[in-house]
Amino acid sequence: MKTIDIHVHPAFYEPICNEAQLESRRRILDIHQNGIASITHIRNQMRCAGLDRLVLLPQDYSSLTTEGLVTNEEIKILIDQYPDMFFGFASVDPFAYGAEEQLIEAFEEYGLKGLKLNPSKQQYDPADLKLERLYEICERYRKPVLFHSGISWEPDTLAKYAHPLAFEKVALKHPKLKICLGHFAWPWVREAAMLMLKYPNVYADTAALYFDNAREFYTQLLTRDIPKTWVERSLRNQIMFGSNNPRFEQIRMAHAISEIGFKEDTVELIMGGNAEAFLELEEGE
């Protein structure tokens, strides 16, 4: 079983970022201390965190701006150069011309594993009829959707479009479509847990570290906000490790999952087994 970080932003990775792009990407993400990261650094970070693969997430807000965003083509560059390190998702702007064709291209020609969307950035309802065709394409190709949900530090985002209940109509209407609520929809953790209980196609990732340190925050999130017994008895097949790197501490977050008292097989599911099922990985991938 592979260990997988399902939620990584590669905006500052050296093969796809140069000094001319650095400031605009810092501004778009509202991350201002990071420099350009070499692949050697990324490999070392993965080794220290005990991770086999990272799932890289692009951003397509092209109806708003094209400045500083990570494209599907750049994700493909990283995967082609380092297939032993990375899986990648696609991103398309639902309001841009040709979004459907771009998504099909990302799946058929680029081999990307799913679709990343951020309704709070573009301020749309995830159940908007404009997105139905995108969901249908994902279903046809058996690809999941990872939504940004919960708080966002990106500029000009509205939390009301990232509340877990905003995604319920999608989960209900598309029971065969696997959906991940990024960041465990924090601070609406119990609402996220409710959707996971109600809809087996709804997952959540752990890309959340908003107070304290990784161990303290995960203890609050996964043993108090929702009791540890809820995870062990009901939700353990729907939670995936995500770090939101580079914003959060990938190494400490990965270690913290095994330090808060879950059973060993539950830790294995969170750290990779559930992501393998979510991505529908084939043998040898």
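The rules we used
- Residues numbered from 1 in each chain as written.
- Predicted model: local features only at pLDDT ≥ 70, side-chain atom pairs only at ≥ 80, totals over all residues.
- Heavy atoms only, no water.
- Salt bridge = Lys/Arg side-chain N within 4 Å of Asp/Glu carboxyl O.
- Helix = DSSP H or I, 4+ residues; strand = E, 2+ residues; numbered from the N terminus.
- Buried < 20%, exposed > 50% of the residue type's maximum accessible area, 1.4 Å probe, protein only.
- Core = buried A, V, L, I, M, F, W, Y, C linked by side-chain atoms within 4.5 Å.
- Contact = heavy atoms within 4.5 Å.
- Pairing = 2+ DSSP bridges.
- Axes fitted to C-alpha atoms, helices over the stretch in contact; angles between N-to-C directions.
- Arc of directions from axis to C-beta.
- Parallel < 35°, antiparallel > 145°, perpendicular 65-115°, else oblique.
- Left-handed = near helix turned anticlockwise from the far one by under 90°.
- Nonpolar A, V, L, I, M, F, W, Y, C, P; charged D, E, K, R; others polar.
- Polar contact = N/O pair within 3.5 Å; in protein donor to acceptor, adjacent residues only side chain to side chain.

Trainee: I'd like a description of the pattern of salt bridges, backed by residues and values.
Mentor: Across all of its chains, the model carries 9 salt bridges by this definition. In this structure, glutamate 280 and arginine 142 form a salt bridge, with 2.9 Å as the shortest nitrogen-oxygen distance. Residue glutamate 280 is located in the segment after helix H12 (264–279), and its partner arginine 142 is located in the loop between helix H6 (132–141) and strand E5 (145–147); the two are separated by 138 residues in the primary sequence. Here glutamate 280 falls in the partly exposed class, since its relative accessible area comes to 28%. Among the residues examined, arginine 142 registers a relative accessible area of 57% and is labelled exposed. With its nearest N and O atoms 2.8 Å apart, the salt bridge here joins glutamate 168 to lysine 198.

Trainee: Give me the nonpolar core: which residues, what numbers.
Mentor: Tyr13, Leu54, Phe86, Leu103, Phe184 and Phe241 are the most contacted members of the largest nonpolar core, which has 80 residues in total. Ignoring sequence-local partners within four residues, the contact set of tyrosine 13 consists of Val8, Ile36, Ala37, Ile42, Leu54, Leu56, Leu78, Phe86 and Asn245. One finds Val55, Leu146, Tyr203 and Leu281 within the second-largest nonpolar core, a separate group that totals 14 residues.

Trainee: Outline the sheet that holds strand E2 (residues 53–56), listing residues and values.
Mentor: Ordered by their spatial adjacency, 3 strands build an open sheet running E1-E2-E3, and the pairing between neighbours is parallel. Two strands lie at the open edges of the sheet, namely strand E1 (4–8) and strand E3 (86–88), each paired on one side alone. For this sheet the average axis-to-axis angle between neighbouring strands, irrespective of direction, equals 25°. Examined bridge by bridge, E1 and E2 share 3 bridges and lie parallel to one another. Bridge pairing in E2 links valine 8 to leucine 56.

Trainee: Please give an account of the sheet that holds strand E7 (residues 202–205) that cites residues and values.
Mentor: Strand order in the open sheet formed by 5 strands is E4-E5-E6-E7-E8, with parallel pairing between adjacent strands. Each having just a single partner strand, strand E4 (115–117) and strand E8 (239–240) make up the two edges of the open sheet. With 3 bridges joining them, E5 and strand E6 (residues 179–181) adopt parallel strand pairing. Of the residues in E6, the one forming a bridge with valine 145 is isoleucine 179.

Trainee: Residues and numbers for helix H4 (residues 99–108), please.
Mentor: Listed as buried for H4 are Ala99, Leu103, Ala106 and Phe107. One face of H4 carries all of its buried residues, which in axial projection span an arc of 95°. Opposite the buried face of H4, at more than 90 degrees from it, the exposed residues are Glu101 and Glu108.

Trainee: Which residues make up the packing of helix H9 (residues 214–225) against helix H11 (residues 250–257), and what values do they have?
Mentor: At a minimum axis separation of 9 Å, H9 and H11 run at an interaxial angle of 50°. Considering their axes alone, H9 and H11 lie oblique with respect to each other. Read as a crossing pair, H9 and H11 show a hand that is right-handed. Touching Ala214, Arg215, Tyr218 and Leu222 of H9 are Arg252, Met253, Ala256 and Ile257, all from H11. Considered class by class, the residues forming the contact of H9 with H11 number 6 nonpolar, no polar and 2 charged.

Trainee: Describe in detail H9, supporting the description with residues and values.
Mentor: Residues that lie three or four places apart on an α-helix share one face, since the helix turns once every 3.6 residues. Of the positions making up H9, those classed as buried are Ala214, Phe217, Tyr218, Thr219, Leu221 and Leu222. On its buried face, H9 is in contact with helix H8 (189–198), helix H10 (228–235) and H11. The N-cap of H9, judged by a side-chain oxygen 3.2 Å from the amide nitrogen of arginine 215 a few residues on, is asparagine 213.

Trainee: Let's hear about the packing of H4 against H6: which residues, and what values?
Mentor: Here H4 crosses H6 at 20°, and the two axes come no closer than 10 Å. Judged on the interaxial angle alone, H6 and H4 are roughly parallel. Taken as a pair, H4 and H6 cross one another with a handedness that is right-handed. Contacts from Ala99, Glu100, Leu103, Ile104, Phe107 and Glu108 in H4 reach Arg133, Leu134, Ile137, Cys138, Arg140 and Tyr141 in H6.

Trainee: Run through the pairing of E2, naming residues and quoting values.
Mentor: Burial along E2 is two-sided: the face carrying Arg53 and Val55 and the face carrying Leu54 and Leu56 are both buried. With 3 bridges joining them, E2 and E3 adopt parallel strand pairing. Note that in E3 the partner of valine 55 across the bridge is phenylalanine 87.

Trainee: Outline the environment of leucine 64, listing residues and values.
Mentor: Turning to its location among the elements, leucine 64 is positioned in the loop between E2 and helix H3 (72–81). Classification of leucine 64 as exposed rests on a relative accessible area of 53%. Leaving out residues up to four positions away in the same chain, leucine 64 has contacts with Asp93, Lys121 and Gln122.

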